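Report on the structure
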Amino acid sequence: MALLEFRNVSKRFGSLLAVDNVSFAVDSGEFFTLLGPSGCGKTTLLRMLAGFDAPDAGDILLDDKSLAGVPPEKRPLHTVFQNYALFPHLTVEGNISFPLEMAGRPKDEIRRRVAGMLALVHLEEKEDAFPHELSGGQKQRVALARGLVNKPRVLLLDEPLGALDAKLREEMQIELIALQRNVGVTFIFVTHAQQEALALSHRIAVMRAGRIEQLDEPDRLYGFPQNRFVADFIGKINLLDVDVLESTPDRLSLAAKGLGTLTAPPVQGVQPGAHGCLALRPEQMRVVAENEDTGLPNHFPGVVRDLLYEGDVTLYRVVLRNGTALEAMIANSAPGRPRFFEVDDRVEIGWRPEAGRYLHD
Amino acid sequence: MTDRHRRTSGTPRSERAVKWFVTLPPSVYLVAFFLLPSLIMVAASFRTPGAFGGLEPLRAPDGSLQLSADTYRFLFGDWIYLEIVGKSILVAAVTTLLCLLLSYPLALLIAKSPRRHRDFLVLLVVLPFAANFLIRVYAWILMLGPMNVLYSPVAVIVGMVYVHLPFMILPLYTNLEKHDPALLEAAQDLGAPRWTRFWRVTWPLSLPGVWSGTALVFIPVLGMFAIPELMGGTGDILIGNLIKEQFLDNRDWPLGSALSLVLTAVVLVLAGGAVLAGRRRRRLAKGGA
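Residues numbered from 1 in each chain as written. Chains lettered and ligands numbered in written order. Predicted model: local features only at pLDDT ≥ 70, side-chain atom pairs only at ≥ 80, totals over all residues. Heavy atoms only, no water.

1. Notes on the sheet that holds strand S2 (residues 16–26) of chain A
All names here are of chain A. Taken together, 4 strands build an open sheet; the order of strands is S2-S1-S4-S5 and the sheet is antiparallel. Of all strands in the sheet, those with a lone pairing partner are S2 and strand S5 (65–66), marking the two edges. Where strand S1 (residues 4–13) meets strand S4 (residues 57–62), 5 bridges bridge the pair, whose relative direction is antiparallel. Within the sheet, the bridge partner assigned to Phe 6 lies in S4 and is Ile 60. (Pairing = 2+ DSSP bridges. Helix = DSSP H or I, 4+ residues; strand = E, 2+ residues; numbered from the N terminus.)

2. Some remarks on the confidence of the model for chain A
The share of residues in chain A with pLDDT of 70 or more is 98%, and the mean pLDDT across the chain is 92. In the model of chain A, strand S13 (residues 260–264) of chain A stands out as the element of lowest mean pLDDT, 89, in contrast to strand S3 (residues 31–35) of chain A, which has the highest, 97. (pLDDT = per-residue confidence, 0-100.)

3. Focus on the pattern of salt bridges
In total, this model carries 20 salt bridges over all chains according to the counting rule given. Residue Lys 11 of chain A pairs with Asp 56 of chain A through a salt bridge whose shortest N-O separation is 3.8 Å. Here Lys 11 of chain A is found in strand S1, whereas its partner Asp 56 of chain A is found in the loop between helix H1 (42–50) and S4, with 45 residues between them in sequence. On the basis of relative accessibility, which here comes to 11%, the residue Lys 11 of chain A falls in the buried class. When the shortest N-O distance is used, the salt bridge between Asp 20 of chain A and Arg 211 of chain A registers 3.0 Å. Pair noted here: Asp 20 of chain A is in strand S2 and Arg 211 of chain A is in strand S10 (residues 211–216), with a separation of 191 residues, a long-range link. Judged by relative accessible area, Asp 20 of chain A falls into the buried class, the value being 17%. A cluster of three or more residues bridged by salt bridges with shared partners is formed by Arg 47 and Asp 53 of chain A together with Glu 185 of chain B. (Salt bridge = Lys/Arg side-chain N within 4 Å of Asp/Glu carboxyl O. Buried < 20%, exposed > 50% of the residue type's maximum accessible area, 1.4 Å probe, protein only.)

4. Things to note about the nonpolar core
Counting 52 residues, the largest nonpolar core has Met 160, Ile 227 and Met 231 of chain B as its most contacted members. Once residues within four sequence positions are removed from consideration, Ile 227 of chain B is found in contact with Phe 133, Val 137, Val 156, Gly 159, Met 160, Val 163 and Gly 232 of chain B. One finds Val 26, Phe 52 and Ala 205 of chain A together with Ala 186 of chain B within the second-largest nonpolar core, a separate group that totals 39 residues. (Core = buried A, V, L, I, M, F, W, Y, C linked by side-chain atoms within 4.5 Å. Contact = heavy atoms within 4.5 Å.)

5. Brief notes about the interface of chain A and chain B
Of the residues lining the interface, 24 residues belong to chain A; the matching set on chain B comes to 19 residues. Summing the contributions of chain A and of chain B, the shared interface buries around 2000 Å²; its carbon and sulfur component is 62%. Looking at the side of chain A facing chain B, the largest losses of area belong to Glu 73, His 89 and Met 102 of chain A, adding up to 29% of the total buried there. Remark: the boundary between chain A and chain B carries 2 salt bridges. For Arg 47 of chain A, the salt bridge identified is with Glu 185 of chain B, shortest N-O distance 2.8 Å. Between chain A and chain B we count 6 residue pairs in polar contact (both at pLDDT 80 or more) in total. Those elements that provide at least two residues to the side of chain A that touches chain B are H1, strand S6 (77–80) and helix H2 (92–102) of chain A. For the side of chain A that touches chain B, the element with the most residues is H2 of chain A, which contributes 4 residues. Grouping the amino acids of the side of chain A that touches chain B by side-chain chemistry returns 14 nonpolar, 4 polar and 6 charged. (Buried area = accessible area lost by both parts, 1.4 Å probe. Polar contact = N/O pair within 3.5 Å; in protein donor to acceptor, adjacent residues only side chain to side chain. Nonpolar A, V, L, I, M, F, W, Y, C, P; charged D, E, K, R; others polar.)

6. Brief notes about the packing of aromatic side chains
Tallied over the entire structure, the rule returns 20 aromatic pairs over all chains. Aromatic side chains Tyr 316 of chain A and Phe 341 of chain A sit 5.8 Å apart centroid to centroid with 80 degrees between the ring planes, which places their arrangement in the edge-to-face category. Placement of the pair is Tyr 316 of chain A in strand S17 (residues 313–320) and Phe 341 of chain A in the loop between strand S18 (325–331) and strand S19 (346–351), with a sequence separation of 25 residues. With respect to burial, Tyr 316 of chain A and Phe 341 of chain A carry one shared label: buried. With 5.0 Å between their ring centres and 55 degrees between their planes, Tyr 29 of chain B and Phe 33 of chain B make a pair best called tilted. (Phe/Tyr/Trp six-rings, centres within 6.5 Å; stacked < 30°, edge-to-face > 60°.)

7. Notes on the pairing of S13 of chain A
Two faces, one strand: in a regular strand the side chains alternate between the faces of the sheet. All names here are of chain A. Both strand S12 (residues 251–256) and S13 contribute to a ladder of 5 bridges, which runs antiparallel. Counted as the bridge partner of Ala 255 is Thr 261 from S13. Counting the residues that bridge the hairpin from S12 to S13 gives 3 residues, and of these Gly 258 lies at a positive phi of roughly 80 degrees.

Here is the structure:
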């Protein structure tokens, strides 16, 4: 039995269909992420779950019981808001004890549990500080502590790391994973940052225009995107336009316009003559100097047009004969040799057939 | 090198000049028209009233200084004056409380209405200022007359509340409008029902506005003489009327000055008490008690 279930939920704002017949279930203890660009409906889903908006159609169930008509203050769910929404007139201790006071817990229990939460988020010495005296990361931890202290069935997190700088965000990601494992509370996390979703989640629902495009585990999502949108949205990717020449149970034979034929892993139900694209991750690409052998069946000559040196890796943009640009990410493992190629170098770019994934249009 | 030196040492001096230039005119104005008159009143309260108004000369014909605390002895020796001071404080307190009770829901309503309506609603609040104060008071007299409440304490309070309502609404609105709606959602999300959300979030955050409004209503009401004079009965005179009477009718300038200073002292003591109470409350909150 799933802890939480969305059943055919739809929500319309005026002429905008914000959520379009969405169904999914979340298990107890899961770190579940709703990922998508702004306006895809992920925040609307979260607000309907918290109770601030009501679905126009469909139902949301917690422990198999409908939440319809239950006001936000009666739902056993707490939210960590985008800008934390800490009470500015209360201390850290006052903020964290708020939900316990609302639940009418006895004073000594409140004191004990607040102290426990403060220890969990490493803020023991900030107990008496007011929110305006805290750094962004500290506010974030107070918001988490406040959301978790009354042991909600589900903790909803609305882009909670969005306001932090990049380095702090990475630290908070690690803390968030540890925290969720520690408390065992189900997390529903909303974000538009795909890297964050991949790093944190057990499962991710990728959304676009009110619908779920793909719901999968992070590595499946990255390795086996089901369509062009998901492939493009998650990580860096090369999309090569292709026509299907031959489809057999153990391989696809494809034609890339102006380049020639290449092979890819089989995809069920694809007919010869179909049009689509071949998705290739930049880190799967091999680049060698012109006239050198890649040792790979799929390879084409090209010219390095641009390169982006990022320290640990360098991103090379190679333009093929037909004008298609492919990006290759190559690790700079050899010290003292930051780049393998320069702009305008003639190269050969190739990949293992298993690295490609045919996506039907 | 010398150029840079000159520039760095020149900046603070020119900044200081700007500071003087900006603060000098209001300072001069306040000294000339507030501080000096106040000091003159302090001096006047220790002098002797003239036979036909004004003051007796500072030096008697024999050359001795004519200064005494007789006026204060008289003032504090007669219960009627302290009773009127007490009654004035009571009227001001009741007026302030009624203004607060009437203004808070209205200010909250304006603050929560769509942004494009707010300016218009605020305009409606200040619109009565477009009509002359006395005309509005006479309008109340015309309305209250047939209701048989004119020339009573009730009429005085009604008039006071009416005239001072905008001074409570505006600071409350300015405060409430700035509240982040996410805070109420957070409180609701964390289990707070409607009234708890108000008392635990909206009300404490609005206290600065409440204090501003209280000061803007309480202090003018304490010194108000026109409304008690026009709408109150003979028993409804307040300290403002008393001061006016000393200067214009009784021609006892020293007593008028002394009463004015008592009024100022009352305001300062109450305001100081409020500040201290606020500090104490904050300290208690910080102590986690």
